[in-house]
Amino acid sequence: MACDLEEILSQYGGMMDYVIRGILPQRQEAEECLAEVRKKLAEGLSSYDLERGSLATWITAVCRHAAIDHRRSLARRREAAMEEDVADSTPGPEEALLQKERALRLRQALMTLSERDRRLFYRKYYYLQSTAQLAAELGTTERAVEGKLYRIRKRLQRELGGEMW
Amino acid sequence: MVSRQAWDEKMEEQLAGIPPETVGEEPEGFTPWETAVSRILWGLILVTFRLEVLYLQYLLPLVGAVELYLGFRSLRRENRWFFSCWILSGVSLICRLLGTVGQGTWAWSHLMGIPSVFWGLSALSLALDFLQLLFLRGGLRRAFQDRDGHPPRDWLAYGIAAWLGVAALAAWGTLESAPAGGRWIYYGRFFLALGLFIVFFLLLRRQMQALSLRGYQVAVSPVRLSSRGVWAITLGLTAALLLPALLWGARLPSPAGEPEVSLSAAAAESRENLLVLGLPEELADLLSEEDLLRCAGAETAAQTNDPQPNHQAFSPRAALDDGELEGSTWMVGLPDGSVRFFHFFRWLEMPRMRLQEGFQVEPDNAVSLAEDFSGQLRWRQGEEWLTAPLEIRLTGGQTGEELGEFDRWWYESELAHLGRLQWDPYAVFSLPAGGEEAGGYIAYTLQGSRPGSTVNGGVHYYHQSRPMYPFADMGQWLAGKGGMADMFSSVPYDRLMFQNGVWPRQPETA
């Protein structure tokens with residue numbers, strides 16, 4: 001499916017900026033990341049299949065992944081060179097199966113949350129928005145947000161049968 | 001034990017594999033302004049729509065005002081329109097809080113009875129709501145422009161037009177509750193207003209939908225007090241102010257009592273005469289100097305229905321609100337042949353609540369028009385006895401031209417005999433705080449009946465035995481202007497009514 005990139009950027013540009021800035025609050029870093037996202041969109045748009053999900057969903061996923069990758073690479077550059085054991089980062093088949101099971105249980109647990117709690121949870125742990133940003137946008141204090149997140153975490157831990165890992 | 005940081009990192013990792021749309025969350029729902037604008041829209045609906053059931057007409061507008069304030073608070077730094085809205089919403093919230101509390105008091109009821117005050121405050125309230133709508137529109141069009149600077153589709157403009165229609169219909173309904181066009185206009189007006197309100201709601205919803213994928217650059221302001229804190233303060237203040245409003249604000253302003261002074265010689269002589277004629281001393285003590293002078297030279301004094309042990313219907317005492325009230329009616333025959341009627345009440349045990357009292361008399365309507373009304377309240381404050389005049393108001397007295405056809409037929413003989421309906425005097429007052437042994441009376445004069453003939457009539461005593469919200473003026477209710485009658489407990493009609501009063505015969509002169 002061919003979509004006009006400019007049209008996409010005109011319609012979703014604000015949303016993309018919003019998702020990226022939640023993870024990369026620094027203006028310059030966010031703009032660098034946004035440039036990378038535009039490249040990825042340009043590469044992927046022609047082959048994007050709408051049946052996989054809505055365009056907004058795909059765009060936010062691309063933005064999120066790009067911003068997290070950008071943040072990690074910035075962190076690696078800032079720290080002393082600490083090579084990760086790259087060879088061990090890929091999960092084995094057993095570990096992959098366990099991860100899949102955990103994801104399923106976590107999804108089921110998330111569905112037990114109210115819509116409002118679930119949305120807050122995703123803002124914090126998927127879109128990686130800061131507590132300060134969450135507090136301002138929800139019209140409350142950071143302390144109230146922290147308290148709410150604490151209760152949500154406790155509830156998820158109970159649903160998942162205690163400690164997760 | 002997993003540390004908090006490790007838990008957070010693991011959760012971020014896990015959630016990457018569970019995109020929000022897989023749990024029913026759409027990405028378009030994650031915006032900086034959604035919570036604020038949602039609050040604003042719900043606030044607008046709640047302050048606009050009046051649901052007259054279960055006290056919601058008092059509660060919902062206050063809830064709406066809080067929501068509006070919270071919504072605009074978050075957007076106050078985005079542009080000057082939203083900042084102005086925030087200021088207006090703060091003013092509106094304070095006004096609504098004061099109004100919610102005020103409606104439990106006599107003062108508010110009295111002020112709202114003054115047309116200029118009522119219409120002035122109504123106009124102010126409407127103006128605040130209208131300006132908030134107008135400025136909201138300005139703020140939305142400024143904050144939610146797309147990349148090319150185009151504002152969103154302007155559904156709110158149509159919504160404001162619908163709102164103005166609802167406001168106009170509401171004003172018409174207040175000005176002319178029974179319209180000239182009759183039932184069609186009355187119900188048509190209601191359904192039109194309801195329809196416009198639904199349109200208003202739908203247009204608000206449309207406007208919110210038109211904001212989708214816009215406004216991501218909106219600057220939401222951090223707050224120092226959480227929304228729960230604002231709610232707690234609002235509800236706490238309301239409760240803290242409402243309690244004294246219901247208990248003390250509902251008391252009627254009464255003239256301060258004056259200490260009893262010694263009677264003049266003429267009044268003292270009249271009083272002695274009445275005691276000799278049979279008026280009990282405790283009732284004679286209630287009479288004012290003026291009424292004693294009116295009774296100078298009285299020739300007879302008789303109670304209309306002597307309490308008889310086996311005649312329960314005429315028991316003069318009744319229990320009310322942990323207190324005990326006694327009533328009686330006396331006829332004092334005056335030298336000129338007229339009879340002065342005194343309807344007494346005395347609290348033998350003071351009641352628990354001292355809010356509103358109402359005392360109403362229905363004089364006999366077959367003798368003459370009642371005239372020369374008076375009344376007084378007397379009570380003990382500490383060691384001192386105080387008195388205060390009762391403000392006597394009148395209902396009834398309509399002429400035939402002022403009555404409808406049915407009433408002219410129903411009251412035909414009364415109109416023929418008196419020329420108009422009989423006057424029914426009444427007084428509304430509050431028992432003095434800290435006062436004991438309170439008692440009082442309403443008096444009037446009738447003349448021209450045949451000696452030995454029977455006179456009858458009615459006496460009603462009403463006591464407000466519990467706080468009520470909103471405040472209902474007992475005086476308005478007694479004047480027949482409507483009100484919440486079932487809020488007032490009363491002495492059963494047959495306890496205090498007077499019957500079989502015998503018009504005195506003139507004593508034979510030697």
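Nothing here was measured: the structure is a model prediction, and the numbers come from that model.

Engineer: Can you tell me about the pattern of salt bridges, naming the residues and giving the values?
Structural biologist: All names here are of chain B. This structure, assessed with the given rule, holds 29 salt bridges over all chains. In this structure, E260 and R378 form a salt bridge, with 2.5 Å as the shortest nitrogen-oxygen distance. Here E260 is found in the loop between β1 (258-259) and α10 (265-277), whereas its partner R378 is found in strand β7 (residues 371-381), with 118 residues between them in sequence. Given a relative accessible area of 35%, E260 falls into the partly exposed group.

Engineer: Tell me about the layout of surface pockets, and name the residues and values.
Structural biologist: Quantified by volume, the second largest pocket comes out at close to 1100 Å³. Contributing to the lining of the second largest pocket are 29 residues, with R116 and L138 of chain A together with T35, R39 and S227 of chain B lying nearest its centre. Only α6 (115-125) and α8 (142-159) of chain A together with α2 (34-48), α8 (183-210) and α9 (227-247) of chain B provide two or more residues apiece to the lining of the second largest pocket. Among the elements that take part in the lining of the second largest pocket, α2 of chain B stands out by supplying 7 residues, more than any other. For the lining of the second largest pocket, a count of residues per class yields 11 nonpolar, 6 polar and 12 charged.

Engineer: Now, about the packing of α6 of chain A against helix α7 (residues 131-138) of chain A: what can you tell me, with residues and values included?
Structural biologist: Residue and element names in this part refer to chain A. It is the contact of α6 with α7, at a shortest axis distance of 10 Å, that shows an interaxial angle of 145°. Judged by the sense of rotation from one axis to the other, the crossing of α6 with α7 is right-handed. Counted together, L120, R123 and K124 of α6 and T131, L134, E137 and L138 of α7 form the full contact between these two elements.

Engineer: Describe a nonpolar patch on the surface, naming the residues involved and giving the relevant values.
Structural biologist: Residues and elements named next belong to chain B. Judged by side-chain polarity, I94, L98, L225, I233, L237 and L241 come together as a nonpolar surface patch covering roughly 530 Å² of accessible area. Sorting the residues of the nonpolar patch by element identifies α4 (80-102) and α9 as the ones contributing at least two each. No other element matches the 3 residues that α9 contributes to the nonpolar patch. Inspection of the secondary structure puts L98 in helix α4.

Calculation criteria
Within each chain, residues carry numbers counting from 1 in the order of the written sequence. The naming scheme follows written order: chains are lettered A onward, ligands numbered 1 onward. It should be noted that, the model being predicted, local features are given only for residues of pLDDT at least 70 and side-chain atom pairs only at 80 or more, the latter also being counted only at that level, while totals for whole chains, interfaces and linings use all residues. To get the side-chain values, all heavy atoms of the structure are used, and hydrogens and water are removed first. What makes a salt bridge here is a side-chain nitrogen of Lys or Arg within 4 Å of a carboxyl oxygen of Asp or Glu, nothing more. Strands are runs of DSSP state E lasting at least two residues, helices are runs of H or I lasting at least four, and both sets are numbered from the N terminus onward. Burial classes follow relative accessibility: with a 1.4 Å probe on protein chains only, a residue under 20% of its type's maximum area counts as buried, one over 50% as exposed, and anything between as partly exposed. We place a 1 Å grid over just the protein atoms. Points where a 1.4 Å probe fits but has no way out form a cavity, open points with protein on both sides within 12 Å along at least 5 of 7 lines form a pocket, and any residue with an atom within 4 Å of a point lines it. Grid points are joined across faces, edges and corners, and a volume is the space filled by probe spheres set on the points. The residue classification treats Ala, Val, Leu, Ile, Met, Phe, Trp, Tyr, Cys and Pro as nonpolar and Asp, Glu, Lys and Arg as charged. All others, Gly included, are polar. Under this scheme, a helix contributes an axis fitted over its contacting stretch, all axes are lines through C-alpha atoms, and angles between N-to-C directions fall in the 0 to 180 degree range. The crossing is said to be left-handed when, going from far helix to near helix, the turn is anticlockwise and less than a right angle, and right-handed when the turn is clockwise. We call two residues in contact whenever any of their non-hydrogen atoms come within 4.5 Å of each other. Candidate patch residues must exceed 30% relative accessible area and have no salt bridge, after which like charges are joined if within 9 Å and Val, Leu, Ile, Met, Phe, Trp or Tyr side chains if within 5 Å. Computed with the Shrake-Rupley method and a 1.4 Å probe, the accessible areas treat only the protein chains shown as cover for residues.

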